[in-house]
Amino acid sequence: MSIDLLMDPKKLHTILDDMESFFWVLIFMAIHYLPSTFSGVALEMFDEWSHDAELGHVGGLKKHSFIYGSSNARSFSCIPLNTVVGQVRSFFDSYRTMMERWS
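To start, this report covers the structure provided alongside it. (Residues numbered from 1 in each chain as written. Predicted model: local features only at pLDDT ≥ 70, side-chain atom pairs only at ≥ 80, totals over all residues. Heavy atoms only, no water.)

1. Digging into the packing of aromatic side chains
Defined as follows: A pair of Phe, Tyr and Trp rings is counted when the ring centres sit within 6.5 Å of each other, with Trp represented by its six-membered ring. The angle between the planes then sorts it: under 30 degrees is stacked, over 60 is edge-to-face, the rest tilted. Note on conventions: DSSP H or I runs of at least 4 residues are helices, E runs of at least 2 residues are strands, and numbering of each starts at the N terminus. Whether a residue is buried, partly exposed or exposed follows from its accessible area with a 1.4 Å probe, protein chains only, as a fraction of its type maximum: under 20%, in between, or over 50%, in that order.
Applying the stated criterion across every chain yields a total of seven aromatic pairs. With a centroid separation of 6.1 Å and 80° between ring planes, the pair formed by tryptophan 24 and phenylalanine 46 is classed as edge-to-face. With a gap of 22 residues between them, tryptophan 24 in helix α2 (residues 15–33) and phenylalanine 46 in the loop between α2 and β1 (50–52) connect regions that are remote in the sequence. For phenylalanine 46, a relative accessible area of 21% translates into the label partly exposed. Members of the aromatic cluster, connected to one another through ring pairs, are Phe23, Trp24, Phe28, Phe46, Phe91, Phe92 and Tyr95.

2. Description of the nonpolar core
Within soluble globular proteins, side chains that are nonpolar tend to cluster in buried spots. Stated formally: Side-chain atoms within 4.5 Å link the members of a nonpolar core, which is a set of buried Ala, Val, Leu, Ile, Met, Phe, Trp, Tyr and Cys residues. What makes two residues a contact is simply this: any of their non-hydrogen atoms within 4.5 Å.
Counting residues in each nonpolar core, the largest one holds 16 residues, and the members touching the most others are Trp24, Ile27, Phe66 and Phe76. At the level of elements, α2, α3 (61–68) and α4 (79–102) are the ones that each hand at least two residues to this core. Broken down by element, this core gets its largest block of residues, six residues, from α2. Those residues within four positions of isoleucine 27 in sequence are excluded, and the remaining contacts are Met45, Phe46, Phe66, Phe76 and Val85.

3. As for the layout of surface pockets
Where empty space is left in the structure can be found by rolling a water-sized probe over the atoms. Spelled out, the test is: Two kinds of site are reported from a 1 Å grid over the protein atoms alone, namely cavities, where a 1.4 Å probe fits but cannot get out, and pockets, open sets with protein on both sides within 12 Å along at least five of seven lines, and residues are called lining when an atom falls within 4 Å of a point. Grid points are joined across faces, edges and corners, and a volume is the space filled by probe spheres set on the points. Classification used: nonpolar for Ala, Val, Leu, Ile, Met, Phe, Trp, Tyr, Cys and Pro, charged for Asp, Glu, Lys and Arg, polar for all others including Gly.
Taken as a whole, the largest pocket holds about 180 Å³ of empty space. Lining of the largest pocket is provided by Asp4, Lys11, Thr14, Leu16, Asp17, Glu20, Tyr68, Phe92, Tyr95, Arg96 and Met99. Listed by contribution, the elements that provide at least two residues to the lining of the largest pocket are α2 and α4. If you tally residues by element for the lining of the largest pocket, the top one is α4, at four residues. Per-class residue counts for the lining of the largest pocket are five nonpolar, one polar and five charged.

4. Description of the environment of isoleucine 27
Within the fold, isoleucine 27 resides in helix α2. Taking the C-alpha atoms as reference points, isoleucine 27 and valine 85, separated by 58 residues in sequence, lie 8.2 Å from one another.

5. Focus on α3
Applicable threshold: Arc definition: it is the arc formed by the directions from the helix axis to the C-beta atoms.
Turning to α3, its buried residues are Lys63, Phe66 and Ile67. Taken end-on, α3 shows its buried residues confined to a sector of 90°, consistent with a single buried face. Check the buried side of α3 and you find it contacts α1 (3–7), α2 and α4.

6. Brief notes about the pattern of salt bridges
Filter applied, for reference: The salt bridge criterion pairs a side-chain nitrogen of Lys or Arg with a carboxyl oxygen of Asp or Glu, the two atoms within 4 Å.
Applying the stated criterion across every chain yields a total of three salt bridges. Between aspartate 4 and arginine 96 there is a salt bridge; the shortest N-O distance is 3.0 Å. Of this pair, aspartate 4 sits in helix α1 while arginine 96 sits in helix α4; the two residues are 92 residues apart in sequence, bridging distant segments of the chain. Note that aspartate 17 is salt-bridged to lysine 11, the shortest N-O span being 2.6 Å.

If you want it as structure tokens, here you go:
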């Protein structure tokens, strides 16, 4: 599920949320089945949630940190996968920056 939908379950679902969800499936499978420098702790971002009185169950902070944080030290042994992950991170970072300017 996308970061924005996790942080605000009342948000309108868009195609961008679906694109991001596909990215998370890719990351989840890659962490499970490909050699990498990720530890089991990295999988916690897929189970993170808390309860908000107004919104209900929310989460996404660890996923947000994965994409927008500076912790790019983790990587996969597969160089093409690292390239894709870097490009997707860059895309979502650029999109978020653009949306913040428009708001």
